[in-house]
Amino acid sequence: MADDWSYSGEKGPSNWASFFADANGARQSPINIETDKVKSCDTPEFNFIGFEDDDVVDGSTMTLSNDGHSVKVSVTGEHYVTGGGLPGKFKVEQFHFHWGSDGSPGSEHAINDTRYDAELHIVSYDCERFSNFTEALGDCQGLAVLGIFIEVGDKTNPGYESLTTEFRNVQRKGQTFQLEKALVLRSLLPENVRHFYRYDGSLTTPPCTECVIWTVFDRPVQISVTQLERFRSLVATAVSEDEEGVNVESNYRPLQALGDRAVTASFSPVTANDDKKAPGKTCAIL
Ligand SMILES: [Zn+2]
């Protein structure tokens, strides 16, 4: 059952809760972020370890896989997310993407009801309190996921080029491929990583476990239309299941109710055109 779900039809998002009880919970993701309702807080900057070219260590591997729902990159090695108001040190486990179909948006989160072309999720777990990813899933703050909006621009994004060109090796469901060289994770993030939103949420795919401290960066990254098309060229079925196959498209969960949750911002969204933080406000993050 664990893998028996989809983004449409009988096994689609509106029926996930019949099979995965957590999908009915009160802190589900993704959400629409309404910037006039967020609370601005003085938040420390992130400290990304093992994200730059210089500090990618030996023993780091990145393995691409097509699981029929998305393209995922499983990560080993010393890649950590700390700071940013997170309650500890989080080790990167994997990252994956959500996207739309031709001409329609595919991000999961929305800002003021606007969704972007795609969204990257960098998934990490609290490695100080838990010895592995699976253990951390059992805790309400076990995971930290970074959400990065992606939009189409005029230029090829060099940071995404060595990743998306390798999608040819995982065209069909079930295929895996180890990248020759670990990617520089920093180059997948927006230039400005000081402006972000924070809330308590869940995995956006079954079993929709409520274990995630979400960070959604305000500024998108841009990739070219050719790069976006490489996501849409991935096929959701194995050759043995279906010779032709259908593309992995519109692999996003619909927006979930915010309920009584608070969304905080590391900046003042109203004056987002400058780099000023909200003056003098400090609030406990999570
Ligand atoms: Zn995701």
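None of the values given here were measured: they were computed from a predicted structure. All residue numbers refer to positions counted from 1 along the written sequence of the respective chain. Since the coordinates come from a predicted model, pLDDT governs what is reported: local features require at least 70, and pairs of side-chain atoms require 80 or more to be given and counted, while whole-chain, interface and lining totals use all residues. Side-chain measures here rest on the full set of heavy atoms in the structure, leaving out hydrogens and waters.

Asks: Any chance you could explain the coordination of the zinc ion here in plain terms?
Replies: Octahedral metal centres with six donors ideally show angles of 90 or 180 degrees, and tetrahedral centres with four donors ideally show 109.5 degrees. Sites may look incomplete, because water is not among the atoms used; the donor set itself consists of N, O and S atoms within 2.8 Å of the metal (3.2 Å for Na, K and Ca). For the zinc ion, the full set of protein donor atoms is His96 (NE2), His98 (NE2) and His121 (ND1), and the range of their distances to it is 2.0 to 2.1 Å. Mapping the donors of the zinc ion onto the primary sequence yields the spacing H-x1-H-x22-H. Neither His96 nor His98 differs from the other in exposure class; each is buried. Any residue under 20% of the maximum accessible area for its type is buried, any over 50% is exposed, and the rest in between are partly exposed; the area is computed with a 1.4 Å probe on protein chains only.

Asks: Explanation requested: the pairing of strand S3 (residues 46–49) in the structure shown.
Replies: A regular strand places its side chains on the two faces of the sheet in alternate fashion. The helix count covers DSSP runs of H or I at least four residues long, the strand count covers runs of E at least two residues long, and both are numbered beginning at the N terminus. Alternating residues of S3 divide into Phe46 and Phe48, all buried, and Asn47 and Ile49, none buried. With four bridges joining them, S3 and strand S6 (residues 80–83) adopt antiparallel strand pairing. Bridging across to S6, Phe48 finds its partner in Val81. Here a strand pair is declared whenever DSSP counts at least two bridges between the two strands.

Asks: Which parts of the structure should I look at to understand the side chain of Glu119?
Replies: With respect to the helices and strands, Glu119 occurs in strand S9 (residues 118–126). Charge convention: Lys and Arg are scored as positive, Asp and Glu as negative, and His as well as the terminal groups of each chain are ignored. Here, a salt bridge means any side-chain nitrogen of Lys or Arg that lies within 4 Å of a carboxyl oxygen of Asp or Glu. One buried charged side chain, Glu119, makes no salt bridge at all; its nearest oppositely charged neighbour is Arg115, positioned 7.0 Å away. From its side chain, Glu119 meets the backbone nitrogen of His109 in a polar contact 2.8 Å long. If we skip the residues at most four places from it in the chain, Glu119 touches His96, Phe97, His98, Ser107, Glu108, His109, Gly147, Ile148, Phe149 and Ile150. Polar contacts here mean pairs of N or O atoms no more than 3.5 Å apart (in protein, one a potential hydrogen donor and the other a potential acceptor; neighbouring residues in sequence count only if both atoms are side-chain atoms). By definition in these notes, contact holds between two residues if any of their heavy atoms fall within 4.5 Å.

Asks: Would you take a moment to explain the pattern of salt bridges for this structure?
Replies: Pairing of side chains with opposite charge becomes possible as their charged atoms draw close. A full pass over the atoms with the stated rule returns nine salt bridges. Across the pair Arg219 and Asp218 runs a salt bridge, and its minimum N-O distance is 3.7 Å. For Arg219, a relative accessible area of 28% corresponds to the partly exposed category. Asp218 gets classed as buried once you look at its relative accessible area, which sits at 14%. A cluster of three or more residues bridged by salt bridges with shared partners is formed by Asp126, Arg129 and Asp139.

The values are spatial; any link to function lies outside them.
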